[in-house]
Structure formats: C-alpha cells, structure tokens
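# Geometric and topological summary
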Amino acid sequence: MAAPGAFMGARLLMDRAYEGRNMVERVFNRMKHHRKAATRYDRLDATFLANLQLILITIQLKNTSKTN
C-alpha cells in the first residue's frame with residue numbers, strides 16, 4: 001500500500017505538468033492568430049523559423065507591456 005503523502009506528491013507533479021502544458025498550448029494559440037505562422041507561405045525553413053521567432057518576440061513584448 002502506498003504512503004498517504006504519495007498521492008499528494010503525485011497530484012502536485014500532475015498539476016505542474018498541466019500548468020506547463022497549458023502554457024505551451026496558450027502560446028501556440030497566440031501564434032495561430034498570426035496568419036504567417038498559421039499558413040506557412042515561406043519556401044525556406046530558415047525563413048519560417050525566423051518569422052516564428054519574430055512572432056514570439058511580439059507576443060512576449062505584448063505580455064510584458066500588459067504587466068507594466
């Protein structure tokens with residue numbers, strides 16, 4: 001039989017995993033609002049990745065401007 005505190009430890013790990021997964025899903029959802037990331041018209045992978053980086057930078061800047 002498992003120790004009584006084992007369930008709470010497992011629950012805490014599941015909650016942290018959920019928080020991380022939820023954050024990643026929210027970032028992808030915000031990225032999809034940018035047409036360039038959702039449709040991928042770029043021919044080169046490097047160009048596509050550069051555009052994704054720019055989109056992530058704009059998302060980060062918007063989030064930091066909201067908190068300040």
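Quantities reported herein were computed from a predicted structural model and do not represent experimental measurements. (Residues numbered from 1 in each chain as written. Predicted model: local features only at pLDDT ≥ 70, side-chain atom pairs only at ≥ 80, totals over all residues. Heavy atoms only, no water.)

### Comments concerning the overall build of the chain
- A count of helices and strands for the chain gives three helices and zero strands.
- Mapped from its N terminus to its C terminus, the chain presents α and β elements in the order α-α-α.
- Here the chain holds 68 residues, and 12% of them are scored as buried.
- Total accessible area computed for the chain in this model is approximately 6,100 Å², and 62% of it derives from carbon and sulfur atoms. (Helix = DSSP H or I, 4+ residues; strand = E, 2+ residues; numbered from the N terminus. Buried < 20%, exposed > 50% of the residue type's maximum accessible area, 1.4 Å probe, protein only. Areas by Shrake-Rupley, 256 points an atom, 1.4 Å probe, with all protein chains shown as cover.)

### Let's talk about the side chain of asparagine 51
- Here asparagine 51 shows up in helix 3 (residues 45–67).
- Judged by relative accessible area, asparagine 51 falls into the buried class, the value being 16%.
- Sequence-distant contacts of asparagine 51, defined by excluding residues within four places in its chain, comprise Lys36 and Asp42. (Contact = heavy atoms within 4.5 Å.)

### Overview of a nonpolar patch on the surface
- On the surface, a nonpolar cluster with roughly 300 Å² of combined accessible area is contributed by Met23, Val24 and Phe28.
- Within the secondary structure layout, methionine 23 lies in helix 1 (residues 4–32). (Patch = residues over 30% accessible without salt bridge, like charges linked within 9 Å, V, L, I, M, F, W, Y side chains within 5 Å. Salt bridge = Lys/Arg side-chain N within 4 Å of Asp/Glu carboxyl O.)

### Looking at a positive patch on the surface
- Side chains of Arg26, Arg30, Lys62 and Lys66 sit close together on the surface and give a patch of like positive charge.
- Counting only elements with at least two residues in the positive patch, the list comes to helix 1 and helix 3.
- Tracing the backbone shows arginine 30 in helix 1. (Lys, Arg positive; Asp, Glu negative; His and termini not counted. Charge placed at Lys NZ, Arg CZ, Asp CG, Glu CD.)

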